[in-house]
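Now for the letters of each chain:
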Amino acid sequence: MTPVLVTGLPRSGTSWTGKMLTASGELVYVNEPLNPQRPPGRSPGVLNALVAHRFQYICPDNDGAWLPAFTDTVALRYRFTAELRRNRSPYDLARMVRYGTAFTFGRLAGRRALLDDPFALFSAGWFAERLGCRVVILLRDPVSFVGSWQRLGWTIYFHELLEQPLLLRDHPHLEELRSLVGCQDRLAKAVALWRAARTVAVDLAARHPGILLVRYEDLASAPQHGFRRLYEWAGLTWSARAEARISRACTAAATTAGGFTWSGLSRTAYRPMDSRQALATAAGRLTAEEIHRVRELATR
């Protein structure tokens, strides 16, 4: 059965998109197996391989451990023994029960895996070719993207990318990021990451027919139309139930339950929201001067 990967830079709407796709009832949601932090990553029950970098690069030349590990993941085979060997706290055990049950029930019910993983972005071609994933790469407007990162106080440490020789071999333009190593200008670094990721995404989509580029703003402004298209792309059933759940979740106030429930064990960025209102809110996180600078840097 064909797995689905939803990726794109963090804060590009991957969690929201993934949750909307699971409204079909045909997918099992798997949250960020390549995230090097626990939670949500470093769970050998979900992915029995050691993640060494953010944006871990996987390609045919280094997939000796990755291919069997992800083959298990997309087949919804949960590794209970591996999980117990590494993680034994009450939280870990609760998470094991949650994921183990979801994987086992999903496999028996004939459901497919949906991987929501921003950290798989640079490896999306491998997921499409080696695992047969239908891949959705989300692209977000640079002003909204940078505004979200600035609000959260996030930054990027480019050594995470530059210390991966195979990544630089396959995407040599990333060498341009080396000049920003050690830079304290968070806005400039976020824009540089956005530009690099956009270039990689466009290149991957041109080379792999199993990869679809989707603008976050298009989904948020017309979610019913946008998600119906994604359902067709992913081979999912567009039912009245799915349509109703998506409608509720995309028009909900941020404090309501909407169409889905978020819990501590999920550790996702997803919240029910009014998606059209969210677009307007995102544009107000930067000053006029910052917006001008982002636009200027993004078009260089």
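Heads up: the structure comes first, above all this text.
Note that this is a predicted model, so its numbers are computed, not measured. (Residues numbered from 1 in each chain as written. Predicted model: local features only at pLDDT ≥ 70, side-chain atom pairs only at ≥ 80, totals over all residues. Heavy atoms only, no water.)

Caption draft 1: Spatial organisation of unusual backbone geometry. Residue Pro-39 follows Arg-38 across a cis peptide bond; omega there is -10°. Cis peptide bonds are those with omega within 30 degrees of zero, and the linkage from Pro-39 to Pro-40 qualifies with 5°. Along the polypeptide, Pro-40 turns up in the loop between β2 (27–31) and α2 (66–74). A positive phi angle, near 55°, is found at Phe-55, a position not held by glycine. Relative to the elements of secondary structure, Phe-55 occurs in the loop between β2 and α2. Its relative accessible area of 2% is what places Phe-55 among the buried residues. Of note, Leu-76 is a non-glycine position whose phi angle comes to about 60°, a positive value. Mapped onto the elements, Leu-76 comes out in the loop between α2 and α3 (80–86). (Helix = DSSP H or I, 4+ residues; strand = E, 2+ residues; numbered from the N terminus. Buried < 20%, exposed > 50% of the residue type's maximum accessible area, 1.4 Å probe, protein only.)

Caption draft 2: Representation of helix α14 (residues 288–298) in the model. For α14, every residue scored as buried is listed here: Val-294, Leu-297 and Ala-298. One side of α14 carries all its buried residues, which in axial view fall inside an arc of 95°. Projecting away from the buried face of α14 at angles above 90 degrees are the exposed residues Ala-288, Glu-289 and His-292. Structurally, α14 contributes buried residues whose contacts are with α6 (142–152) and α9 (186–207). (Arc of directions from axis to C-beta. Contact = heavy atoms within 4.5 Å.)

Caption draft 3: A look at the sheet that holds strand β1 (residues 4–7). Judged by pairing direction, the sheet is parallel, and its five strands sit side by side in the order β2-β3-β1-β4-β5 without closing on themselves. The open sheet terminates on both sides in strands that have one partner only, identified here as β2 and β5 (211–215). On average, adjacent strands in this sheet sit at an angle of 20° to one another, irrespective of strand direction. As paired elements, strand β4 (residues 134–139) and β5 share five bridges and run parallel to each other. The residue bridging Leu-139 from the neighbouring strand is Arg-215, located in β5. Along the sheet, α9 makes contact with β4 and β5, crossing β5 at roughly 140°. (Pairing = 2+ DSSP bridges. Axes fitted to C-alpha atoms, helices over the stretch in contact; angles between N-to-C directions.)

Caption draft 4: Focus on the pattern of salt bridges. Counting across every chain of the model gives 14 salt bridges. Among the salt bridges present, the one from Glu-83 reaches Arg-38, with a minimum N-O distance of 3.2 Å. Highlighted residues: Glu-83 in helix α3 and Arg-38 in the loop between β2 and α2, separated in sequence by 45 residues. Arg-207 is paired through a salt bridge with Asp-203; the nearest N and O atoms lie 2.9 Å apart. Note that Arg-207 and Asp-203 are positioned in helix α9 at a spacing of four residues, about one turn of the helix. Classification of Arg-207 as partly exposed rests on a relative accessible area of 45%. On the accessibility criterion, Asp-203 (29% relative accessible area) is partly exposed. Through salt bridges with shared partners, a single ionic network connects Arg-38, Glu-83 and Asp-92. (Salt bridge = Lys/Arg side-chain N within 4 Å of Asp/Glu carboxyl O.)

Caption draft 5: Examining the side chain of Asp-63 more closely. Structurally, Asp-63 can be placed in the loop between β2 and α2. For Asp-63, the residues in contact, after removing those within four places along its chain, are Ile-58, Pro-68, Trp-126 and Arg-130.

Caption draft 6: Representation of the pairing of β1 within the structure. Residues of β1 alternate between two faces, with Val-4 and Val-6 on one and Leu-5 and Thr-7 on the opposite face, all of them buried. As defined by bridge partners, β1 adjoins strand β3 (residues 112–116) across three bridges and the pair is classed as parallel. Looking at the pairing, Leu-5 lines up with Leu-115 of β3. Pairing geometry for β1 and β4, over four bridges, is parallel. Across the sheet, Val-6 pairs through a bridge with Val-136, a residue of β4.

Caption draft 7: Highlighting the packing of aromatic side chains. Applying the stated criterion across every chain, the model contains 14 aromatic pairs. When the ring of Phe-55 is compared with that of Phe-119, the centres are 5.2 Å apart and the planes differ by 50°; the resulting orientation is tilted. Highlighted residues: Phe-55 in the loop between β2 and α2 and Phe-119 in the loop between β3 and α5 (124–130), separated in sequence by 64 residues. Here the two residues Phe-55 and Phe-119 agree in accessibility, since each one is buried. (Phe/Tyr/Trp six-rings, centres within 6.5 Å; stacked < 30°, edge-to-face > 60°.)

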